[in-house]
Amino acid sequence: MTSPDPLTPIPAATMILFREGGGSQDEHLMIERAAGMAFAAGALVFPGGRIDADDRLLAATDAVVGAPTADLEERASRVAAVRETLEETGLAVGLMTTPTRNVIADWRSRLRRHEPFSALLAERRTAIDLNALLPFARWCPKLGNHRRFDTRFYIAQVRGDEEIELDAGEAAGFSWATAKSAIDEAAAGRSKIIFPTLRNLERLAGFPNFEHACAHVRAQPVQTISPEVREADGQKWLCIPEGVGYPVTRVPIAQVPELAFLL
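Conventions used here
Residues numbered from 1 in each chain as written. Predicted model: local features only at pLDDT ≥ 70, side-chain atom pairs only at ≥ 80, totals over all residues. Heavy atoms only, no water. Helix = DSSP H or I, 4+ residues; strand = E, 2+ residues; numbered from the N terminus. Rg over C-alpha atoms; globule rule 2.2 N^0.38 Å. Buried < 20%, exposed > 50% of the residue type's maximum accessible area, 1.4 Å probe, protein only. Contact = heavy atoms within 4.5 Å. Areas by Shrake-Rupley, 256 points an atom, 1.4 Å probe, with all protein chains shown as cover. Salt bridge = Lys/Arg side-chain N within 4 Å of Asp/Glu carboxyl O. Pairing = 2+ DSSP bridges. Axes fitted to C-alpha atoms, helices over the stretch in contact; angles between N-to-C directions. Arc of directions from axis to C-beta. Expected span 1.5 Å × (residues − 1). Parallel < 35°, antiparallel > 145°, perpendicular 65-115°, else oblique. Nonpolar A, V, L, I, M, F, W, Y, C, P; charged D, E, K, R; others polar.

## Description of the overall build of the chain
Tallying secondary structure elements over the chain gives eight helices and 13 strands in all. The C-alpha radius of gyration of the chain comes to 18 Å, within 12% of the 18 Å expected for a compact globule of 263 residues. Considered along the principal axes of its C-alpha atoms, the chain spans approximately 60 × 55 × 40 Å. For the chain, the residues scored as buried account for 49% of the 263 residues in total. Pairs at least 24 apart in sequence give 65% of the contacts found in the chain among residues at least 6 apart. If you sum the accessible surface of the chain, you get close to 12700 Å²; carbon and sulfur atoms cover 51% of it.

Here it is, written out as structure tokens:
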């Protein structure tokens, strides 16, 4: 049997959560990845992870409702975003029936033992509402000879009083922050944010709340972003396409701290 190409992008999904923070701009949940993680160790990221086989099986059943109905990979990606957010944070986003904290704790324990999410939902006779998540972006960096991810980003809204319980094996901490404050913390050197996350935060900073973000994404079709290195003005830049919703589309290579990983 032929081994899979190590440079074939791994399908993944990420959840960008919005909550009202009491200020002029909604806040987003940022997870600090554990120092021992192989990818983006110590960086602030949104909850998310790989799409697995059960996500695809679940996406084809009536335990997943809402649009899109025809695109199985898109459905599986939204399922993965819901599952990974539950595993990493204890937040049950997009479920038709909200489980109790005891049920969530049981589910997370069983998911860590690799029990299928589909079986857990079937036990409680609940379903996932795909319409609770809206597509925001898709990033697939293809630079260098390293593990690659094809990540779909979604936006969703949660209440302000939701309790966060992190997976200690993957996360060292969390914070609720406006996009602007997260950008400012990284600029001051008090946190680490990798290139795709920072570009998405800059985009999010343009929306005061979830409703404005929803209006934007409905008018801006998602295009796959693959950063490229280009030379201009006597130096090298890491660039993304213009006209797809991002206010910053190029950054000097010297300002990309994870360059060694990307290249």
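## Here we look at the pattern of salt bridges
Pairing between side chains becomes possible if they bear opposite charge and their charged atoms approach one another. Within this structure, the stated rule accounts for 22 salt bridges. Among the salt bridges present, the one from Glu73 reaches Arg56, with a minimum N-O distance of 2.9 Å. You can see Glu73 sitting in helix 2 (residues 72-89) and its partner Arg56 sitting in helix 1 (residues 53-59), a full 17 residues away along the chain. A relative accessible area of 26% places Glu73 in the partly exposed class. Two residues, Asp161 and Arg159, come together in a salt bridge whose shortest N-O distance is 3.1 Å. Pair check on accessibility: Asp161 and Arg159 agree, each one exposed. Each of the salt bridges in this network shares a partner with another, and the network as a whole consists of Asp52, Asp55, Arg83, Glu84 and Glu87.

## Digging into the sheet that holds strand 11 (residues 228-232)
The strand order across the open sheet formed by three strands is 11-12-13, and the pairing between neighbours is antiparallel. Unpaired on one side and paired on the other, strand 11 and strand 13 (250-252) mark the two borders of the sheet. Adjacent strand axes in the sheet meet at a mean angle of 40 degrees, parallel and antiparallel pairs treated alike. Where strand 11 lies against strand 12 (residues 235-239), five bridges are found, and the strand directions are antiparallel. Bridge pairing in strand 12 places Val229 opposite Leu238.

## Thoughts on helix 4 (residues 117-124)
For helix 4, the complete set of buried residues consists of Phe117, Leu120 and Leu121. With its buried residues spanning 95 degrees around the axis, helix 4 presents them on a single face. Contacts from the buried residues of helix 4 go to helix 1, helix 2, helix 3 (101-112) and strand 6 (128-129). Positive backbone phi, approximately 50 degrees, marks Arg125, located one or two places after helix 4.

## Structural notes on helix 3
Between its terminal C-alpha atoms helix 3 stretches 17 Å, which fits the 16 Å expected from 12 residues at 1.5 Å a residue. Those residues of helix 3 that sit buried are Val103, Ile104, Trp107, Arg108, Arg110 and Leu111. One side of helix 3 holds all its buried residues, which, seen down the axis, span an arc of 165 degrees. Taken together, the buried residues of helix 3 touch helix 2 and helix 4. A positive phi of about 70 degrees marks His114, the residue just after helix 3.

## Focus on the pairing of strand 1 (residues 10-19)
In terms of burial, strand 1 is a largely internal element, nine of the 10 residues being buried. Sheet topology note: the strand 1/strand 2 (residues 27-33) ladder contains two bridges and is antiparallel. Across the sheet, residue Arg19 finds its bridge partner in strand 2, namely Glu27.

## What about unusual backbone geometry?
Despite not being glycine, His114 shows a phi value in the positive range, around 70 degrees. Tracing the backbone through its elements, the reader meets His114 in the loop between helix 3 and helix 4.

## Re the packing of helix 2 against helix 3
Contact pair helix 2 / helix 3: the axes reach a minimum separation of 9 Å and the direction vectors enclose 100 degrees. Here helix 2 is positioned roughly perpendicular relative to helix 3, judged by the angle of their axes. Residues Arg83, Leu86, Glu87, Glu88 and Thr89 of helix 2 form the contact with helix 3, whose own contacting residues are Ile104, Trp107, Arg108 and Leu111. For the contact of helix 2 with helix 3, a count of residues per class yields four nonpolar, one polar and four charged.

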